[in-house]
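Next come the chains, spelled out residue by residue.
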Amino acid sequence: MEKFQTLRTTAVPLPLENIDTDQIIPARFLKATTREGFGTNLFCDWRYQADGSPRAGFVLNNPRYQGLILVAGKNFGCGSSREHAAWALYDAGFRVVISSYFADIFRGNALNTGLLPLQVSDEVLARLLAGIEADPHLALVVDLPSQTLAVPAWGESFGFDIDPYKKECLLNGYDDIDFLVNQKPAIEAFEKQRAWTW
Amino acid sequence: MCGDSHTSTHGAFGAVAFGIGTSQVAQVMASQCLLLSRPKRMRISVEGELRPGVTAKDLILYVIAQLGTGGATGYFVEYAGSAVRSLSMEGRMTVCNMSIEMGARGGLIAPDSTTLAYVEGRPFAPKGTAWHDAVAYWQTLYSDADATFEAEHTFAAADITPMITYGTNPGMGIALTGHVPSEVPAAEAESFDKSLRYMGFERGESLLGKQIDYVFIGSCTNSRIEDLRAVAAYVQGKQKAGHVEAIIVPGSKLVEQQAIAEGIDKIFAAAGFELREPGCSACLAMNEDKIPAGAYCVATSNRNFEGRQGPGSRTLLASPLVAAITAVQGRIVDITQYLN
């Protein structure tokens with residue numbers, strides 16, 4: 001997994017609530033055996049017409065908005081457990097998704113992919129969406145060590161929460177298997193003292 | 001755990017079961033362990049007797065409509081109350097299956113005599129002394145009387161009527177005889193209206209009388225032999241409406257074989273229902289069973305997301321009974337007027 005420390009970038013606004021994983025990457029694209037290449041089909045049915053040409057109204061087809069952060073409405077990533085949703089966002093170049101609420105499985109999948117799910121309040125989310133729409137060049141600074149999202153143009157900075165262990169993993173590019181393999185003696189000791197039950 | 005969000009179906013047996021992503025599957029395979037933060041606890045109680053024509057599917061669609069599609073995010077749910085305890089194991093599986101549709105990691109129901117009667121004698125169930133040991137242990141798996149939950153919700157079974165969804169997430173459900181909401185909070189208006197535009201519905205309207213193009217009976221929510229039997233019991237001697245394509249998909253090869261052994265397949269064929277290959281099928285458009293763009297499909301599955309059943313498809317979630325009656329009538333009706 002790639003390390004994540006600090007990121008300064010513009011952002012792409014997608015002000016819809018309850019964006020589900022079937023929109024992020026439709027099921028018909030899941031038949032691949034590697035993690036790469038899903039970015040082309042990110043938000044496929046919103047992004048392209050049936051003939052494959054881009055839909056003019058969709059934000060990813062609007063050159064006004066660029067950047068490595070997606071800012072989306074609340075309850076982002078609901079629906080299926082497909083990790084491909086996180087892979088598709090990452091493969092398309094996103095490194096952070098900002099929302100006021102994330103579905104649990106998506107949050108875990110994103111952290112395991114190196115994509116930071118950054119939760120802000122409903123109020124901050126609304127301000128960010130409005131701010132980016134008014135000024136597509138609005139820079140955001142995500143600083144993982146200090147757990148802050150700063151908007152330099154506003155002279156403001158917002159804190160965010162992250163599990164301390166997942167923070168260490170992201171900062172160092174570690175994955176969970178590295179950690180668990182190092183716990184093997186403790187796991188084996190636990191299994192020995194555990195009574196067999198149904 | 002398993003790499004599918006509907007793993008929570010096993011909660012019907014009192015099991016802590018939930019879906020995980022690919023990296024987590026790899027963790028389990030590499031270490032037999034999974035790193036988790038402890039979820040919060042929610043208890044959802046449904047008390048009283050369910051009305052005629054109201055099934056486990058209506059119960060869970062009702063609960064999801066009340067709590068919303070993210071209403072249980074961060075929680076693991078225990079379903080309790082007399083209406084839940086009165087459900088068959090198949091009904092309990094339907095309820096636990098859809099826990100994820102309100103954001104919960106999983107949902108479970110404490111094992112009781114219904115659970116034990118279902119498990120006893122099945123393949124892989126413990127036998128002899130091992131069975132008695134297992135039963136003694138399973139009977140300890142209930143919440144203490146003084147157990148505390150971070151969130152508690154109680155609903156009255158009498159308030160639940162046959163349900164249907166009108167929008168593009170499972171929380172957008174109403175009584176079959178109800179109306180699409182006319183008012184929504186300002187912050188949700190854009191998403192709400194986008195959803196209605198996709199579905200071709202309007203704020204405040206009733207769905208009764210809407211013509212339906214497809215009926216899909218299947219998926220991990222409702223494709224067990226009992227679901228097929230319930231549909232067969234209704235459609236026997238009837239015909240699907242001429243303009244409706246009715247697809248019925250057993251959950252597994254075993255269910256398909258059982259349906260054939262019971263002669264249910266012939267009832268479906270005579271009624272004009274097409275029995276398709278067991279599996280996920282038209283629930284998520286992974287194989288050739290797809291709903292065309294713009295077409296309306298009453299489906300017994302679990303997700304009505306945009307394009308879920310094929311690009312442009314419009315899904316209305318409902319129970320197998322509602323689906324069967326819709327297939328015969330060809331339009332959305334108040335099913336309580338059509339019960340056998």
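Reading the values: the criteria
- Residues numbered from 1 in each chain as written.
- Chains lettered and ligands numbered in written order.
- Predicted model: local features only at pLDDT ≥ 70, side-chain atom pairs only at ≥ 80, totals over all residues.
- Heavy atoms only, no water.
- Phe/Tyr/Trp six-rings, centres within 6.5 Å; stacked < 30°, edge-to-face > 60°.
- Buried < 20%, exposed > 50% of the residue type's maximum accessible area, 1.4 Å probe, protein only.
- Lys NZ or Arg CZ within 6 Å of the ring centre and 35° of its normal.
- Pairing = 2+ DSSP bridges.
- Helix = DSSP H or I, 4+ residues; strand = E, 2+ residues; numbered from the N terminus.
- Salt bridge = Lys/Arg side-chain N within 4 Å of Asp/Glu carboxyl O.
- Domains from an automatic or database assignment.
- Contact = heavy atoms within 4.5 Å.
- Buried area = accessible area lost by both parts, 1.4 Å probe.
- Polar contact = N/O pair within 3.5 Å; in protein donor to acceptor, adjacent residues only side chain to side chain.
- Nonpolar A, V, L, I, M, F, W, Y, C, P; charged D, E, K, R; others polar.

Participant: Before we move on, can you summarise the packing of aromatic side chains with the specific residues and values?
Facilitator: Within this structure, the stated rule accounts for 14 aromatic pairs over all chains. Measuring from ring centre to ring centre gives 5.8 Å for A:Phe43 and A:Trp46, while their planes differ by 5 degrees; the resulting arrangement is stacked. Taking the relative accessible area as the measure of exposure, A:Phe43 reaches 0% and is therefore buried. Three or more aromatic residues joined by ring pairs make a cluster, and in this case those are A:Phe43, A:Trp46 and A:Phe58. The residue whose ring lies beneath A:Arg95 is A:Tyr90, and the NZ or CZ to ring-centre distance is 3.6 Å. The aromatic ring of B:Tyr118 is capped on one face by B:Arg122, whose charged end is 3.7 Å from the ring centroid.

Participant: Kindly report on the pairing of strand β7 (residues 148–151) of chain A, identifying the contributing residues and their values.
Facilitator: Residues and elements named next belong to chain A. Note that strand β6 (residues 140–143) and β7 share three bridges and pair antiparallel. In the strand pairing of β7, Asp143 is matched with Thr148. Counting the residues between successive antiparallel strands, the hairpin from β6 to β7 contains four residues, one of them, Gln147, with a positive phi of roughly 50 degrees. Relative to strand β8 (residues 156–159), β7 runs antiparallel, the two being bridged by four bridges. By the bridge assignment for β8, Thr148 is matched with Gly159.

Participant: Account for the pattern of salt bridges, naming residues and giving values.
Facilitator: In total, this model carries 20 salt bridges over all chains according to the counting rule given. Close ionic contact of B:Arg308 with A:Asp22 constitutes a salt bridge, the shortest N to O distance being 2.7 Å. Linking B:Arg308 in the loop between β10 (296–299) and β11 (314–317) with A:Asp22 in helix α1 (residues 21–24), this pair reaches from one chain into another. The same class applies to B:Arg308 as to A:Asp22, namely buried. B:Arg229 is the partner of B:Glu226 in a salt bridge, and the nearest nitrogen-oxygen pair spans 3.7 Å. A residue pair is termed a helical-turn pair when its members lie 3 or 4 positions apart in one helix, as B:Glu226 and B:Arg229 do in helix α8 (residues 225–235) at three residues.

Participant: Could you give an account of the domain arrangement of chain B, naming the residues involved and the relevant values?
Facilitator: Residues and elements named next belong to chain B. Domain annotation of chain B identifies domain 1 (5–159) and domain 2 (163–338). Each of domain 1 and domain 2 has a C-alpha centre, and the two are 24 Å apart. Facing 20 residues of domain 1, the contacting portion of domain 2 comprises 22 residues. In total, domain 1 and domain 2 occlude about 1,700 Å² of area from one another, counting both sides; carbon and sulfur atoms represent 59% of this.

Participant: Run through the interface of chain B and chain A, naming residues and quoting values.
Facilitator: Reports often express the size of an interface as the amount of accessible area lost when the parts come together. On the chain A side, the residues contacting the 44 residues of chain B number 39 residues. In total, chain B and chain A occlude about 3,300 Å² of area from one another, counting both sides; carbon and sulfur atoms represent 59% of this. Between chain B and chain A we count one salt bridge in total. For the interface between chain B and chain A, the tally reads 13 residue pairs in polar contact (both at pLDDT 80 or more). For the side of chain B that touches chain A, the secondary structure elements donating two or more residues are α1 (22–31), α6 (128–138) and α7 (189–199) of chain B. Classifying every residue of the side of chain B that touches chain A gives 18 nonpolar, 17 polar and nine charged.

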